[in-house]
Amino acid sequence: MVLQLKRKPTPDKLLTSPVRGSLTVASMRPFLSGVAATKPFTCLPCLFRTSTRNSFQRPAFTYTKRTTPRLSTALFTHSARRLHAQEAVDQAAAINTAASLRPTTAPKPLLDIKHIRLNPDLYSQNCIDRNYKSLADYPHKINALFAEWQAQQKAGRALRERGNMLRRRLAGPGSTSRDDPVEIINEFRDMSREQILEEARKVKAELAGIEETEGKLQAEMERLALAIPNLTSDETPRGTEPEVMSYINNHPEPEPALSDRVWRSHVHVGAELGLLDFAGAASSSGWGWYYLLDEAADMEQALISYALTTATRAGWRQVSPPSVVYGHIAAACGFQPRDANGETQIYAIAQSKEDAARGKPELVLAGTAEIPLAGMKTDTVLDEADLPLKRVAVSRCYRAEAGARGSETKGLYRVHEFTKVEMFSWTLPDQGETEEIFDEMVDLQTEILGGLGLHCRVLEMPAADLGASATRKCDIEAFFPSRRERNDGWGEVTSASICTDYQTRRLATRLKTKEGKLVYPWTVNGTALAVPRVLAAILENGWNESEKSVLIPEVLRPWMDGREKIGPRHRMN
C-alpha cells in the first residue's frame, strides 16, 4: 500500500477572517496558504507485510458617538472591576481545565495561533491592559513551544526520509533515488534484509515518539492560546476608568441640598407595599433569591413585554432558548463553570459517576441567553446573504456570584436567578458593519430605559473591565437613590459587547462569503432589559413618600391594566 503523506498541519493552521475597514486588532490577521505535500511514502506496517508476504428605524432616544475629547470621570468616582492577579490566575486555570476536559463531541476551537506567534508583544501588553498580568508571558511561551514543535517536525522529516530509503532498499538495489545521500546509501549497502527490517522498526518507534511529542506541544499551545483574552478595540479606554458618553433623561434630584424629597431603597418600598419577599425566599432557597408579589410580578411581565416589543419592532427575531447548556458551550462563550479552586461561577448540574465515566458532557444553567444563542450556530456554516442575524430572547439567568453578601448587594441588585431580555447578533467580520449593529443595540437600550423615565448614563468601559471575550463594551448605569453613598447612586443595568471572532472560533461557527471562502463571523451581544435591577430602579425613583405609592412608567401601563400607581393595600397574609 502506497500512501501520499502530507506534512502535519502547523498548530496555527486556521481560517482567518478578511476584515474590511477593520479594527486594528483584527486587520493584522493574514490568510494562511495551504500546506504542500511531501514525497510518496509507504507506511512501515505495510513495508513489514510486504517483506513477509472538509429595515431598522432608529429609535427616538439615540446613543451619541464621541465627537469631543473624553470627559473626565473623576467626578463620578466609578470604580471599575479590578481583577486581582490571583483572580486572573484562577480564570486562566479554569479555561485550561475546561480545555483539558472538553468532550470529543464538543466543537474543536480553531484559534489563530499564528497571529499570536507573529505578535507576541501585542498580546502580552493586551493581557497587562486587561489586568490578566499572569497571562502576559503566554504569547512568548507559545513561541518557545512552536520552536520545539518545529524541531520535532524537522526530526520527523529526517526519519521519514530514512524510512523511504529503507523501503527502496528492500525493493531492490536499483531502486535508490538520485536525491538519496551517498553516505546513507553506503550505510545500507552491506545490511542484510533482516537488518534493514530491524532498522525500519527502530525508525517507526522513533517516529511514533516524535508524533506523540508534537501532539503534546500542539495541545499545550492551544491550552495557552485559549486562556489569552481577546484583543482590545481602539475605542476602548485604557486603564480602569470608563468614559462618560452621554446621559438619558434629567437627574431627579440635581441639587440634593435644596431638595426635601424623601428617598427609600427598593427593599423598604417592597416591604411597605408588600411587593417583595426576601425572608420567604431565604427559607426556601437561601440568600440571593426572592419572591416578586402582586404588582411587582405584574411589572416583571410588563417589562419583558415592553422590551420584546421594542426589539421585535426594530427587526430582531424572537427566540425562546433553553436554560440548560453544555459546560463546554458556556466555556467557549467566555463563561467558566468553576474557577481554579473549584468555586462555582455558574451552576453545574450534578452528574452520576456512570455518566462522568462515560465522558458524558457536563450540563450547566445558562448565566445569560447569550450562551444558548451563540450555541445555536455551533458547527454551522452561515451564508453571507443572511447576515446580520439579529435575535432577541427572554430567559431565566442563573449566576452563582461567589463572595460574601453585604449592603452593596442587598435586595434585588445582585441575585442568583433573574429574568433578562437579551439581544445577540452574528455579523460580517467587518468593523463598520459590526459597529452599526452595536450602535443599534445601544440605541435600543437607550430607548427602553429612556421610555421608563430612568436617569442613566452611557459609558465606554475601560480595558480593565472587559471580560475575556469582549473587544469593546458599553454599559448603561441607572441612578439608584439607595446607592448615593456608593458611586454617587450609579448602578449598571445593561451592557453591550463586541466579541469579534472570539466565540465563533471556539464554537466552530463559520461564514461562507460570496466568493466561496470560509471565514469566521463576528458576534455582538447586549442586554435589552434585566428585570430585577430595572424594577428596583423604578420602585426607588417612582416612590412618593406622602402617598406611600410608586408611579408606574407610562410605557408599562398597557400591560398593567392601565394602572398609574402601586399603592398600599390591606393584606390578610
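This structure is a prediction, so every number in the text was calculated from the model and none was measured. Throughout, residues of each chain are indexed from 1 in the direction in which the sequence is written. Side-chain atom pairs in this predicted model are given and counted only at pLDDT of 80 or more, local residue features only at pLDDT of at least 70, and totals for whole chains, interfaces and linings cover all residues. Excluded from the side-chain calculation are hydrogens and water; included are all heavy atoms of the structure.

Explain a nonpolar patch on the surface here, please?
Residues enter patches when their relative accessible area tops 30% and they take part in no salt bridge; the joining distance is 9 Å for like charges and 5 Å for the nonpolar side chains Val, Leu, Ile, Met, Phe, Trp and Tyr. Accessible areas in this description were obtained via Shrake-Rupley with a 1.4 Å probe; residue shielding takes into account the shown protein chains only. Should a side-chain nitrogen of Lys or Arg be within 4 Å of a carboxyl oxygen of Asp or Glu, the pair is scored as a salt bridge. Together, Val324, Tyr326, Ile349 and Leu363 line one region of the surface with nonpolar side chains, adding up to about 300 Å² of accessible area. Relative to the assigned elements, Leu363 resides in strand β6 (residues 363-365). Under the scheme applied here, a residue whose accessible area is under 20% of the maximum for its type counts as buried, over 50% as exposed, and between as partly exposed, the area being computed with a 1.4 Å probe on protein chains only. Residue classification places Leu363 among the partly exposed positions, given a relative accessible area of 30%. Strands are runs of DSSP state E lasting at least 2 residues, helices are runs of H or I lasting at least 4, and numbering of each runs from the N terminus.

What's the story with the pairing of strand β11 (residues 472-479) in this structure? I'm lost.
Residues in a regular strand project their side chains so that they alternate between the two faces of the sheet. Burial of β11 is extensive: eight of the eight residues sit out of reach of the surface. Alternating positions in β11 separate into two faces, Arg472, Cys474, Ile476 and Ala478 on one and Lys473, Asp475, Glu477 and Phe479 on the other, with burial throughout. Where strand β10 (residues 456-460) and β11 come together, five bridges link them in antiparallel fashion. Bridge pairing links Val458 to Ile476 in β11. Of the strand pairs in this sheet, β11 and strand β12 (residues 490-498) are connected by eight bridges, and their pairing is antiparallel. Each residue of the ladder has a partner; that of Glu477, found in β12, is Glu492. Should DSSP find at least two bridges between two strands, the strands are taken to pair.

Hey, could you run me through the UniProt feature "coiled-coil region" (unreviewed entry) in the protein in this one?
UniProt positions are given in the numbering used here, feature names are shortened, and annotations may be inferred rather than shown by experiment. Residues annotated in UniProt with the feature "coiled-coil region" (unreviewed entry) correspond here to residues 193-220. What you have in residues 193-220 is 100% helix and 0% strand, and the ends, taken at the C-alpha atoms, are 41 Å apart.

Quick question: what am I supposed to make of unusual backbone geometry here?
Excluding glycine, residues mostly have negative phi values, and the peptide bonds linking residues are mostly trans. With an omega of 0°, the peptide bond running from Leu387 to Pro388 counts as cis. Secondary-structure assignment places Pro388 in the loop between β7 (381-383) and β8 (389-398). Within the chain, Ala508 stands out as a residue other than glycine whose phi angle is a positive 55°. Assignment of secondary structure puts Ala508 in the loop between α16 (502-507) and β13 (510-512). Note on Ala508: relative accessible area 8%, which makes it buried.

Honestly, the sheet that holds strand β16 (residues 543-544) in this entry has me stumped. Any pointers?
Two modes of strand pairing occur in sheets, parallel and antiparallel, and in both the strands are linked by backbone hydrogen bonds. Taken together, the three strands give an open sheet; going across it, the order is β16-β17-β18, and neighbouring strands pair in antiparallel fashion. In the strand order of this sheet, the two ends are held by β16 and β18 (565-566), each with one partner. Relative to β18, strand β17 (residues 549-551) runs antiparallel, the two being bridged by two bridges. Residue pairing for β18: Val550 is matched across the bridge by Ile566.

I would appreciate a short explanation of helix α15 (residues 431-451) in the present structure.
Side chains that are three or four residues apart share a direction in an α-helix, a result of its 3.6 residues per turn. Helices are assigned an expected span. That span is 1.5 Å times one less than the residue count. The end-to-end C-alpha separation of α15 is 30 Å, in line with the 30 Å expected for 21 residues at 1.5 Å each. Summarising burial for α15: 16 of the 21 residues are buried, a large majority. N-cap assignment for α15: the residue whose side-chain oxygen lies 3.1 Å from the backbone N of Gly432 is Asp430. Backbone geometry just after α15 places Gly453 at a positive phi near 80°. Polar contacts, as counted here, are pairs of nitrogen or oxygen atoms within 3.5 Å of one another; within protein the pair requires one atom able to donate a hydrogen and one able to accept it, and residues that are adjacent in sequence qualify only if both atoms are side-chain atoms.

Would you mind going over the side chain of Thr494 with me for this structure?
Of note, Thr494 is situated in strand β12. Here, two residues are considered to be in contact whenever any of their heavy atoms come within 4.5 Å of each other. In contact with Thr494, other than residues within four places in its own chain, are Gln445, Leu449, Cys474, Asp475, Ile476, Thr527 and Ala528.

How should the pattern of salt bridges be read in this particular structure?
When their charged atoms lie close together, side chains carrying opposite charge are able to pair. Under the definition given, this model contains 25 salt bridges. The partner of Arg457 in a salt bridge is Glu477, with the nearest N and O atoms 2.9 Å apart. Here Arg457, found in strand β10, pairs with Glu477, found in strand β11; they are 20 residues apart in sequence, far enough to count as distant. Here Asp475 makes a salt bridge to Lys473, at a shortest N to O gap of 3.0 Å. Side by side, Asp475 and Lys473 carry an identical accessibility label, which is buried. Salt bridges sharing common partners tie together Asp112, Asp501 and Arg505.

Can you help me understand the packing of helix α11 (residues 295-313) against helix α17 (residues 531-541) in this one?
Packed helices, taken two at a time, are described by the angle between their axes plus the distance between the axes. Axes here mean lines fitted to C-alpha atoms, for a helix over just the part in contact, with angles spanning 0 to 180 degrees between N-to-C directions. Orientation of α11 relative to α17, taken along the N-to-C sense of each, is 115°, at an axis distance of 10 Å. The chirality of how α11 crosses α17 is right-handed. Together, Ala296, Met299, Glu300, Leu303 and Ile304 of α11 and Val531, Val534, Leu535 and Ile538 of α17 make up the contact between the two elements. In the contact of α11 with α17, the residues fall into eight nonpolar, no polar and one charged. Helix crossings are classified by the rotation of the near helix relative to the far one: an anticlockwise turn of less than a right angle makes the crossing left-handed, while a clockwise turn makes it right-handed. Residue polarity follows a fixed list, in which Ala, Val, Leu, Ile, Met, Phe, Trp, Tyr, Cys and Pro are nonpolar, Asp, Glu, Lys and Arg are charged, and the others, Gly among them, are polar.

Could you clarify how one ought to interpret the packing of α11 against α15 in this entry?
Direction vectors running N to C along α11 and α15 enclose 140°, while the axes themselves pass 10 Å from each other. The orientation of α11 relative to α15 falls into the category oblique. The hand of the α11/α15 crossing is right-handed. Contact with α11, carried on its side by Tyr306, Ala307 and Thr310, involves Leu444, Glu447, Ile448 and Gly451 of α15 and no other residues of that element. Class assignment for the residues of the contact of α11 with α15 results in four nonpolar, two polar and one charged. By the definition adopted for this analysis, an angle is roughly parallel if under 35 degrees, roughly antiparallel if over 145, roughly perpendicular if from 65 to 115, and oblique otherwise.

It is not clear to me how the sheet that holds β13 should be interpreted in this structure. Could you clarify?
Strand order in the open sheet formed by three strands is β7-β13-β14, with mixed pairing between adjacent strands. If you trace the sheet from one side to the other, it starts and ends with β7 and β14 (518-519), each paired once. Sheet analysis places β7 next to β13, joined by three bridges and oriented parallel. Counterpart to Asp383 in the pairing with β13 is Lys512.

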